[in-house]
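What follows is the residue order along each chain.
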Amino acid sequence: MSELILIPQTQFEGVVVDGDLDATLALLADMCRANALTAVKRAGSDHPGSSFSAMDIVERLFYDNYYSHHEDVLREHPWQGA
């Protein structure tokens, strides 16, 4: 069996999918799911369901909250606050 490893934070920075906000957030949510699976397995649990199902909502809420307080960063993204 292969070893599960965490995706480092540096891999999350600057992720953009063709300037498409929804696709970018979906990819970030999938990356978070991979990290959640790794953490759940390392903890010896077999129930990642709640972490997986909530990830798209959490990612969108984080995006909306973070960028509403960091307009300078938002202007640098290709979707220009879409």
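As a reminder, the structure under discussion sits directly above these lines.
1. Overview of the pattern of salt bridges
Tallied over the full model, the rule gives 4 salt bridges. The closest approach of N and O atoms between Asp22 and Arg60, which form a salt bridge, is 3.9 Å. With Asp22 in helix H2 (residues 21-42) and Arg60 in helix H3 (residues 49-68), this residue pair connects regions lying 38 residues apart in the sequence. Judged by relative accessible area, which is 56%, Asp22 ranks as exposed. Salt-bridge contacts for Arg60 lead to Asp64; the nearest nitrogen and oxygen are separated by 3.2 Å.

2. Observations regarding the environment of Lys41
Relative to the helices and strands, Lys41 resides in helix H2. As for Lys41 and Leu4, which are separated by 37 residues in sequence, their C-alpha atoms are 8.3 Å apart. Lys41 has contacts with Leu4 and Asp46, leaving out every residue within four places of it along the chain.

3. As for the nonpolar core
With 7 residues, the main nonpolar core is built from Phe12, Val15, Leu21, Leu25, Leu28, Met31 and Tyr63. The greatest single-element share of this core, amounting to 4 residues, is contributed by H2.

Rules and cut-offs
- Residues numbered from 1 in each chain as written.
- Predicted model: local features only at pLDDT ≥ 70, side-chain atom pairs only at ≥ 80, totals over all residues.
- Heavy atoms only, no water.
- Salt bridge = Lys/Arg side-chain N within 4 Å of Asp/Glu carboxyl O.
- Helix = DSSP H or I, 4+ residues; strand = E, 2+ residues; numbered from the N terminus.
- Buried < 20%, exposed > 50% of the residue type's maximum accessible area, 1.4 Å probe, protein only.
- Contact = heavy atoms within 4.5 Å.
- Core = buried A, V, L, I, M, F, W, Y, C linked by side-chain atoms within 4.5 Å.

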